[in-house]
Amino acid sequence: MSEKGSGAAPKPSSLRWTILRRALLPHRSHHTDKNNSEIGIERVSRKTTHGFNLIPSCLVDTASSSLINTKEAACFCYTLPIPNAPSLFLFQRVISNDVLADFEICNRYDIDNTGLVCPWPSEEVLAYYCLSHAEIFRSKTVIELGSGYGLAGLVVAMATEASEVVISDGNPQVVDYIQRSINANTGAFGPSKVKSLMLHWNKEEISDISNKFDVIVASDCTFFTEFHKGLVQTLVKLLKRDGPSTAIFFSPKRGDTFDKFITEVKESGLHFCIDEIYDTEIWRQHQEFVKGDDSWPNYDKDHCYPLLIRITR
């Protein structure tokens, strides 16, 4: 008997094809899909609008704000959970129908477009961790790799008194949004120097910033195994040789991709340690989601809960 005739739940593979069909045919009515598989899609898709809700945010009203001057961008205002923190404005692309153009750019630059999809939970966790450990960054040179929209890098620049913060990504579309956010928050960085940078781990020449950084931060950057070697070699090139320097990564297990990244780190000669319980609030929420808290219906430990990796020379 067929799956449809038996009334069985659709397979994850068919649900993922439904997601892709929606992206490629945005004007098509999806009422049939919604009736048959909406709940299943919500559980198969790893995109989430929930996250751990560690840093409150709201959408800025486009009608009353001078920050937004295009229809393609949305601006979110983040309220950092520390005393006397200024508002942090972050630009994000409005979901558009032009996904095929994204694929063309990905092919041209040999990158992925995950940084354009949404701010991911690991980025929020990284930003929150940086806020909670501001002393790590004080008077230090810092770079965020694979930043997506750059929440963590902006938080470091705004709230930790770092001497310099570079927010980088390999996707030129993403870097444009990062620069918009930097421009919107310029007055909130104090003495910290802040800039965006297009940096491809497998391609870019980085001699001008080699061995420059005290701290490297990154989130959810270990999923694509084809970039592991380039990412690790970038760490080797960017970490300072003189004095202590550290890379702080947050990444979920995502099948065997995390372990393969760790193997690459080992083979490079870098040292590392892994923490599962690094913050009491994040761990508490994680346990609730594992128990079945329906506020995050597609929560899965392997895909959603980021482990902390500290990497040193």
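Data block above holds the structure.
A short tour of the structure in this document, coming up. (Residues numbered from 1 in each chain as written. Predicted model: local features only at pLDDT ≥ 70, side-chain atom pairs only at ≥ 80, totals over all residues. Heavy atoms only, no water.)

Moving on, we come to the side chain of Glu264. Its place among the elements puts Glu264 in helix α10 (residues 257-268). If sequence neighbours within four positions are ignored, Glu264 has contacts with His228, Lys229 and Val232. (Helix = DSSP H or I, 4+ residues; strand = E, 2+ residues; numbered from the N terminus. Contact = heavy atoms within 4.5 Å.)

Burial runs high along helix α9 (residues 228-238): eight of the 11 residues are buried. Burial in α9 covers these residues: His228, Gly230, Leu231, Val232, Thr234, Leu235, Val236 and Leu238. The elements touched by buried residues of α9 are β4 (141-145), β7 (215-219), β8 (246-251), α10 and β10 (307-312). (Buried < 20%, exposed > 50% of the residue type's maximum accessible area, 1.4 Å probe, protein only.)

Tallied over the entire structure, the rule returns 15 aromatic pairs. Between Phe52 and Trp296, the aromatic rings sit 5.3 Å apart at their centres with planes inclined by 75°, giving edge-to-face as the arrangement. Here the residue Phe52 occupies a position in the loop between α3 (31-44) and β1 (57-59), and Trp296 occupies one in the loop between α11 (280-291) and α12 (301-304), the gap between them amounting to 244 residues. For Trp296, a relative accessible area of 2% corresponds to the buried category. (Phe/Tyr/Trp six-rings, centres within 6.5 Å; stacked < 30°, edge-to-face > 60°.)

Reading across the sheet, the seven strands line up as β6-β5-β4-β7-β8-β10-β9 and stay open at both edges, with mixed pairing between neighbours. Sheet topology places β6 (193-198) and β9 (271-275) at the edges, where each strand pairs with a single neighbour. Across the sheet, the mean angle separating the axes of adjacent strands is 15° when strand polarity is ignored. In the sheet, β7 pairs with β8 via five bridges, with the strands oriented parallel. The partner of Ala218 across the bridge, within β8, is Phe249. Across the face of the sheet, helix α8 (residues 172-184) comes into contact with β5 (164-169) and β6 while running at roughly 165° to β6. (Pairing = 2+ DSSP bridges. Axes fitted to C-alpha atoms, helices over the stretch in contact; angles between N-to-C directions.)

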